[in-house]
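Next come the chains, spelled out residue by residue.
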Amino acid sequence: VDANYTSRIAGIPSGQKTFRVWSERLGANYALSSEREVYANLSTGFRVPTATQLYGNTISPTGAVLPNPNLKPEESLNQEIGLRAKSELFGIALDMDVAAYQIDRKDFILNTGGQYSTPAVNTGIVDQYQNIGGVRNRGVELGVKTDAKQTWSGDIAYTYLNAVFTKNDNYC
């Protein structure tokens, strides 16, 4: 991924950075019956820093947020297992899906203001984008939908998410 940023504002630097990150995916489905199947996925992913995070200044409630041209991309390992089923309720055909997942991210990018502030020399606290460590998202997703080809259709979904920092670099 090439990130090119050309600033048209005086005092804001331009920059260019190349990120080389792989993303793979492996998945499997197993039909339990004609109306039910289990599935599992294992994949890796990444998110490169935005041009603003790398080269531009932004404003936050506590002041300016400085860019960081040394940011690394976030990398993730995604794991999911689920069940898909077809059913019927009051004569209405339903497609249902339930899945449990976990996403582990490293080099998570965060504005290091507030509790993650880094001390600046002679100027107090500075907000800046940093790779702060790791994050784990675990959760369950439930979904039910009807046939969209019908005159009336509907979808309903629910997600439970538990997100925690798994590794925090020490900030003052």
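**Student:** A description of the overall build of the protein chain should follow, citing residues and the corresponding values.
**Tutor:** Each helix and strand counted, the protein chain has one helix and 13 strands in total. Listing every helix and strand of the protein chain by position from the N terminus yields β-β-β-β-α-β-β-β-β-β-β-β-β-β. Restricting the contact set of the protein chain to residue pairs at least 6 apart, pairs at least 24 apart contribute 59%. Accessible surface, the protein chain as shown: approximately 11600 Å² in total, 56% of it carbon and sulfur.

**Student:** Give a detailed account of the side chain of Asn131, specifying residues and quantitative values.
**Tutor:** By secondary structure assignment, the location of Asn131 is in strand E11 (residues 124–131). From its side chain, Asn131 meets the backbone nitrogen of Lys72 in a polar contact 2.8 Å long.

**Student:** So what about the sheet that holds strand E3 (residues 25–33)? Which residues, and what values?
**Tutor:** To summarise the sheet geometry, strands pair through backbone hydrogen bonds and adopt either a parallel or an antiparallel arrangement. With antiparallel pairing, the six strands of this open sheet are ordered in space as E3-E4-E7-E8-E12-E13. Looking at which strands have only one partner, the edges of the open sheet turn out to be E3 and strand E13 (155–168). In this sheet, neighbouring strand axes are inclined to one another by 10° on average, regardless of whether the strands run parallel or antiparallel. Here strand E8 (residues 92–106) runs beside strand E12 (residues 133–146); their pairing, made up of 13 bridges, is antiparallel. Within E12, the residue paired with Leu94 across the bridge is Thr146.

**Student:** Could you give an account of the side chain of Gln128, with specific residues and numbers?
**Tutor:** Tracing the backbone through its elements, the reader meets Gln128 in strand E11. Side-chain polar atoms of Gln128 contact the backbone oxygen of Pro67, separated by 2.8 Å.

**Student:** Help me get a handle on the environment of Ala163, residues and values and all.
**Tutor:** As for its position among the elements, Ala163 is in strand E13. Residue class for Ala163 comes out partly exposed when judged on its relative accessible area of 48%. Sequence separation between Ala163 and Arg138 is 25 residues, and the spatial gap between their C-alpha atoms is 6.4 Å.

**Student:** Run through unusual backbone geometry, naming residues and quoting values.
**Tutor:** Among all residues except glycine, the phi angle is most often negative; among peptide bonds, the trans geometry is most common. Even without being a glycine, Phe90 presents a positive backbone phi close to 55°. Overall, Phe90 belongs to the exposed group, its relative accessible area being 79%. Although it is not a glycine, Asp107 adopts a positive phi angle of roughly 60°. For Asp107, the position within the fold is in the loop between E8 and strand E9 (109–111). Taking the relative accessible area as the measure of exposure, Asp107 reaches 18% and is therefore buried.

**Student:** Talk me through a nonpolar patch on the surface; I want residue IDs and the actual numbers.
**Tutor:** Side chains of Tyr30, Leu32, Leu83, Val98, Val140, Leu142, Tyr158 and Tyr160 sit close together on the surface and give an oily, nonpolar patch of about 750 Å² of accessible area. For the nonpolar patch, the secondary structure elements donating two or more residues are E3, E12 and E13. Among the structural elements, Leu32 can be located in strand E3.

**Student:** Tell me what's going on with the packing of aromatic side chains, and back it up with residues and numbers.
**Tutor:** By convention here, two paired aromatic rings are described through the distance between centres and the angle between planes. In the structure shown here, the tally under the stated rule is one aromatic pair. Judged by centre distance (6.4 Å) and plane angle (70°), the rings of Phe108 and Phe165 are edge-to-face. Of this pair, Phe108 sits in the loop between E8 and E9 while Phe165 sits in strand E13, and the two are 57 residues apart along the sequence. Note on Phe165: relative accessible area 36%, which makes it partly exposed.

Conventions we followed
- Residues numbered from 1 in each chain as written.
- Predicted model: local features only at pLDDT ≥ 70, side-chain atom pairs only at ≥ 80, totals over all residues.
- Heavy atoms only, no water.
- Helix = DSSP H or I, 4+ residues; strand = E, 2+ residues; numbered from the N terminus.
- Contact = heavy atoms within 4.5 Å.
- Areas by Shrake-Rupley, 256 points an atom, 1.4 Å probe, with all protein chains shown as cover.
- Polar contact = N/O pair within 3.5 Å; in protein donor to acceptor, adjacent residues only side chain to side chain.
- Pairing = 2+ DSSP bridges.
- Axes fitted to C-alpha atoms, helices over the stretch in contact; angles between N-to-C directions.
- Buried < 20%, exposed > 50% of the residue type's maximum accessible area, 1.4 Å probe, protein only.
- Patch = residues over 30% accessible without salt bridge, like charges linked within 9 Å, V, L, I, M, F, W, Y side chains within 5 Å.
- Salt bridge = Lys/Arg side-chain N within 4 Å of Asp/Glu carboxyl O.
- Phe/Tyr/Trp six-rings, centres within 6.5 Å; stacked < 30°, edge-to-face > 60°.

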